[in-house]
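# Tertiary structure, described
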Amino acid sequence: MRFLALLRKELRESLPWLLLAAIVLLAIGGFLLRQAQTYGWYDWSARDFSSSSITRTYGLYYRRSPLQLTGPVLLLTSIGLGLVLGVRHFWIPYFTRTWPFLIHRSVSRSTIFWAKLAAAAIGFTASVGLLWLVLYRYACRPGRFPTPPTLSVFTEGWLFVLLGLVVYLGAALTGLSTARWYTTKVFGLAFAGIVICIVIFQCRLAYAFAAIIIGAVILLSQIIDTFAKREF
């Protein structure tokens, strides 16, 4: 029950930012899809078909979907949400001097930490994750676009959602670190940035998922150790 109470508290405090992320993604992503639908979405292979010209065989495998227009929006929204939630969960209690109150309640530190992490995971799934599913289903409707999105496009979108959680962990580690800013305090955010670069420039989805998992495990282990040992 104490865990659920803490979880509800974290979700309630995170709700404004979750709603903001959902509104941004829905507004900009929906606008881009509507523009593509209204004014037409033409890749080079679709133009070749419409003009009755000869299309090379390999061109059929590289036609792009209009849903890919929302990819950068999804990535930036996820990164921004991860940064904001990380600051809200692990930096604000330090600035408001409420860490001692939280830590010395009749709950363990692990319960407090996992409640924050569960709130972040639920928040990401309910806001950017659910909205990405809505945009995907919208683009998949028959007759809406000449090139419907493939399952790999949907999977790539979830990679961006998971990158937001990696940024959340990086912000959490930076906020919990007692080191100086000019030394190792920025390790968490810097490491999250490295993971983002690796995933973005990775051509294979399996390797991208592996990079996210490995990066999340490294950050999570550091956070658990720091949170258990830090004096608040």
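Residues numbered from 1 in each chain as written. Predicted model: local features only at pLDDT ≥ 70, side-chain atom pairs only at ≥ 80, totals over all residues. Heavy atoms only, no water.

## So, the overall build of the chain
What counts, and what does not: Secondary structure is summarised from DSSP: a helix means a run of H or I of at least four residues, a strand means a run of E of at least two, and numbering begins at the N terminus for each. Three exposure classes are used, based on accessible area relative to the maximum for each residue type with a 1.4 Å probe and protein chains only: buried under 20%, partly exposed in between, and exposed over 50%. When checking whether two residues touch, look at their non-hydrogen atoms; a contact exists if any pair is within 4.5 Å. The protein chains shown are the only cover counted for residues, whose accessible areas, like all others here, come from Shrake-Rupley with a 1.4 Å probe.
Within the chain, the regular secondary structure consists of 9 helices and 0 strands. Among the 232 residues that make up the chain, the fraction classed as buried is 42%. A fraction of 78% describes how many contacts in the chain between residues 6 or more apart in sequence connect residues 24 or more apart. For the chain, the exposed area adds up to about 12900 Å²; of that, 67% sits on carbon and sulfur atoms.

## Notes on the pattern of salt bridges
Put simply, the test is: What makes a salt bridge here is a side-chain nitrogen of Lys or Arg within 4 Å of a carboxyl oxygen of Asp or Glu, nothing more.
Considering all chains together, one arrives at 5 salt bridges under this definition. Taking the shortest distance from any N to any O, the salt bridge between D225 and K229 comes out at 3.1 Å. One end of the pair, D225, and the other, K229, are both in helix α9 (residues 205-229), 4 residues apart, so they sit about a helical turn from each other.

## Side note on the environment of I92
Topologically, I92 is positioned in helix α4 (residues 92-95). Put simply, I92 and G175 are 83 residues apart on the chain and 9.0 Å apart in space, counted from C-alpha to C-alpha.

## Some words on the side chain of T174
Positionally, T174 belongs in helix α7 (residues 151-176). Setting aside anything within four residues of it in sequence, one finds T174 in contact with W91, W181, K185, V186, G188 and L189.

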